[in-house]
Amino acid sequence: MVQNLTLMQNNSNKKPACYAPWITTYESAIGKINPCCEMQGWMLPNKERKSISFEERWNDPAMVKFRETLLTGELPDGCGNCVHNEKNGATSLRQEYDSFEEHVELDKFKLIHMDYRESNVCNMSCKMCGSSLSSTHAQIEGVYGKTGVMTNPHNLQMYLDRLDEVQLVQCLGGEPMLTESMWTTIKEVKRRGLEGQLDISIVTNGSLLHKNEDSLIDILEGFKYVDIAVSIDCIGDQHNYWRQKNTWAQIEENCKILYEWKQDKENVNCAVRTAIGWPNAYAARDVFDKFKDMDVEQRWNLVSYPMGLSLPMLPQEDLEKLVEHWKDYPEVADMFANTVSSPNVFETVGEIIKLNRIQENRDMTFEQAFPETVHVYNNASKHRNNPYLG
């Protein structure tokens with residue numbers, strides 16, 4: 001403990017490479033803990049699924065070593081997602097955390113950015129997702145019981161007790177609209193009269209704007225700043241294939257409702273969040289085109305995990321075609337121009353198997369949904385029964 005405090009004092013004038021372990025903590029629904037949700041691997045595996053306090057996390061040797069590395073100005077190996085996004089022109093979580101710099105105290109943990117994930121409950125089985133973030137996926141895979149729901153072993157009250165420190169409440173999932181914790185947190189913030197000093201950010205699949213009698217739009221009134229991002233990777237029938245069948249029409253309608261609601265509110269921002277992997281590399285442009293003339297922020301990131309869905313799986317000729325395809329969006333076009341083709345059949349086959357596993361929950365095939373990239377799908381499919389590929 002003394003060595004830890006001395007380290008922090010000696011480095012008190014240094015800016016760490018990332019503020020994550022000083023201002024937030026991420027725990028999955030299955031109990032594993034990391035400094036943030038972008039980190040690869042697990043710093044605290046927590047196989048016992050026990051509740052681990054903020055103090056225990058702060059003083060854990062692995063977390064102390066992680067902060068030491070950040071204070072040298074270097075990013076550890078597990079921070080590859082942020083490095084990858086920044087290299088390719090997308091905004092990283094590390095860059096987002098820079099906005100909290102004035103609230104950081106390097107000698108202690110403060111819950112400045114609240115990110116509590118109650119469970120994996122979700123009403124979609126998005127192709128690039130899995131059971132740890134979606135109860136629908138878990139049901140398909142036959143894990144976590146009949147409901148597929150895995151509940152976080154860490155108590156929400158531990159977070160609510162530190163609301164006075166919080167600058168941003170972030171609600172993610174699973175699907176946050178389906179969780180009790182999101183609604184409980186917002187109601188507690190308002191009960192304590194803190195909403196005027198807090199920002200709130202919600203990342204949702206856009207399928208719901210209510211839970212029982214609670215209305216999202218009504219309950220968000222009074223917050224200092226509201227940011228709602230709807231995850232849309234492609235539109236129409238392609239969305240129904242990639243995320244969940246028969247959902248696009250409702251999501252499109254809900255986007256219109258949110259957009260109309262924000263028109264007279266300077267403290268409300270609406271965004272569309274698009275994850276680009278090789279299957280939807282062409283189709284994702286339709287999302288940009290749909291919202292380009294609206295007062296909607298377009299955010300995008302690259303699918304880096306699972307690796308088998310990432311852009312380097314594409315042949316070089318596709319990457320070159322995509323530069324032209326995205327020419328009206330220079331930042332994205334540059335990203336394709338800077339991506340190096342490095343196909344990995346082992347990784348791609350693994351994802352093809354997963355894609356096919358939930359095929360029965362779709363009304364169309366991969367070829368019908370993404371004809372531009374079906375050659376990659378077909379090439380990987382040829383190797384599905386190769387014993388050397390698992």
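For the structure, check the block above.
Please read all numbers here as calculations on a predicted model, not as lab measurements. (Residues numbered from 1 in each chain as written. Predicted model: local features only at pLDDT ≥ 70, side-chain atom pairs only at ≥ 80, totals over all residues. Heavy atoms only, no water.)

Asks: Before we go on, may I ask you to explain helix H12 (residues 248–262) in this structure?
Replies: Quick reminder: α-helices carry 3.6 residues per turn. Residues three or four places apart thus point the same way. Taking 1.5 Å as the rise per residue, H12 with 15 residues should run 21 Å; its terminal C-alpha atoms sit 21 Å apart, in good agreement. The complete set of buried residues in H12 reads Trp248, Ile251, Asn254, Cys255, Leu258, Tyr259, Trp261 and Lys262. For H12, the angular spread of buried residues about the axis comes to 160°, placing them on one side. Among the exposed residues of H12, those oriented more than 90 degrees off its buried face are Ala249 and Glu260. Packing partners of the buried residues in H12 comprise helix H10 (216–219), strand S8 (225–231), helix H11 (236–242), strand S9 (268–276) and helix H13 (284–291). (Helix = DSSP H or I, 4+ residues; strand = E, 2+ residues; numbered from the N terminus. Expected span 1.5 Å × (residues − 1). Buried < 20%, exposed > 50% of the residue type's maximum accessible area, 1.4 Å probe, protein only. Arc of directions from axis to C-beta. Contact = heavy atoms within 4.5 Å.)

Asks: Mind showing me how you'd approach the pairing of strand S4 (residues 168–171) here?
Replies: Along a regular strand, successive side chains alternate from one face of the sheet to the other. Side-chain alternation along S4 places Leu168 and Gln170 on one buried face and Val169 and Cys171 on a second face that is also buried. Relative to S4, strand S3 (residues 113–115) is paired through three bridges, and the arrangement is parallel. Across the sheet, the residue bridging to Met114 is Val169, located in S4. By the bridge criterion, four bridges tie S4 to strand S5 (residues 199–204) in an arrangement that is parallel. Counterpart to Gln170 in the pairing with S5 is Ser201. For the segment spanning S4, helix H9 (residues 180–191) and S5, crossover handedness is right-handed. (Pairing = 2+ DSSP bridges. Right-handed = clockwise from strand over helix to strand, strands pointing away.)

Asks: So what exactly am I meant to see when it comes to the packing of aromatic side chains here?
Replies: Centre distance and the angle of the planes are the two values used to describe a pair of aromatic rings. Scanning the entire structure with this criterion turns up 14 aromatic pairs. A ring pair is formed by Tyr116 and Tyr159, whose centres lie 5.0 Å apart and whose planes are at 65°; its orientation type is edge-to-face. Here Tyr116, found in the loop between S3 and helix H7 (135–141), pairs with Tyr159, found in helix H8 (residues 156–160); they are 43 residues apart in sequence, far enough to count as distant. The class of Tyr159 is buried, set by a relative accessible area of 0%. Aromatic rings pair up to connect Tyr241, Trp242, Trp278, Phe366, Phe370 and Tyr377 into one cluster. A cation over a ring is seen here: Arg67 above Trp58, with NZ or CZ 3.5 Å from the ring centre. (Phe/Tyr/Trp six-rings, centres within 6.5 Å; stacked < 30°, edge-to-face > 60°. Lys NZ or Arg CZ within 6 Å of the ring centre and 35° of its normal.)

Asks: Is there a simple way to think about the environment of Glu86 in this case?
Replies: In this fold, Glu86 is placed in helix H5 (residues 80–87). Setting aside chain neighbours within four positions, we find Glu86 in contact with Ser92, Arg94 and Gln95. Looking at Glu86, its side chain comes within polar contact range of the side chain of Ser92, at 2.5 Å. One polar contact links Glu86 to Arg94, side chain to side chain, over a distance of 2.9 Å. (Polar contact = N/O pair within 3.5 Å; in protein donor to acceptor, adjacent residues only side chain to side chain.)

Asks: How should the packing of helix H14 (residues 316–325) against helix H15 (residues 330–338) be read in this particular structure?
Replies: In helix packing, the relevant descriptors are the interaxial angle and the interaxial distance, both defined with respect to the helix axes. In the contact formed by H14 and H15, the axes pass within 8 Å of each other and the chain directions differ by 165°. It follows that H14 is roughly antiparallel to H15 by the angle criterion. The element H14 and its partner H15 pack so that their crossing is left-handed. Contact residues: H14 offers Leu319, Leu322 and Val323, while H15 offers Ala333, Phe336 and Ala337. (Axes fitted to C-alpha atoms, helices over the stretch in contact; angles between N-to-C directions. Parallel < 35°, antiparallel > 145°, perpendicular 65-115°, else oblique. Left-handed = near helix turned anticlockwise from the far one by under 90°.)

Asks: How should I be thinking about the packing of helix H16 (residues 345–357) against helix H18 (residues 374–381) in this particular structure?
Replies: Relative to each other, H16 and H18 sit at 100°, their axes nearing to 9 Å. The angle between H16 and H18 places the two elements in the roughly perpendicular class. Each of Thr348, Val349, Ile352, Leu355 and Asn356 in H16 lies in contact with H18, whose residues at this interface are Tyr377, Ala380 and Ser381. Its residues placed into classes, the contact of H16 with H18 shows five nonpolar, three polar and no charged. (Nonpolar A, V, L, I, M, F, W, Y, C, P; charged D, E, K, R; others polar.)

Asks: Help me understand the nonpolar core, please; the structure alone is not making it clear to me.
Replies: Across soluble globular proteins, nonpolar side chains have a tendency to be buried as a group. In terms of nonpolar packing, the biggest core is built from 112 residues, with Met114, Leu220, Trp326 and Phe336 touching the most fellow members. Broken down by element, this core gets its largest block of residues, six residues, from H12. (Core = buried A, V, L, I, M, F, W, Y, C linked by side-chain atoms within 4.5 Å.)

Asks: Would you explain the environment of Lys47 in this entry?
Replies: Along the polypeptide, Lys47 turns up in the loop between strand S2 (33–34) and helix H3 (54–59). Once the C-alpha coordinates of Lys47 and Lys32 are considered, the two residues, 15 residues apart in sequence, prove to be 7.5 Å apart.

Asks: Sorry if this is basic, but what is going on with H15 here?
Replies: Those residues of H15 not exposed but buried are Val332, Ala333, Met335 and Phe336. Taken end-on, H15 shows its buried residues confined to a sector of 155°, consistent with a single buried face. In H15, the exposed positions that point more than 90 degrees away from the buried face belong to Pro330, Glu331 and Asn338. The elements touched by buried residues of H15 are S9, H13, strand S10 (297–302) and H14.

Asks: What am I meant to see in the sheet that holds S10 here?
Replies: Across a sheet, paired strands are connected by hydrogen bonds in the backbone, their directions being either parallel or antiparallel. Read from one edge of the open sheet, six strands run S3-S4-S5-S8-S9-S10, paired in parallel fashion. The sheet is open, and its two edges are formed by S3 and S10, each paired on a single side. Going from strand to strand, the sheet's axes swing by 20° on average, the running direction of each strand aside.

By themselves, these are just geometric observations and shouldn't be taken as functional.
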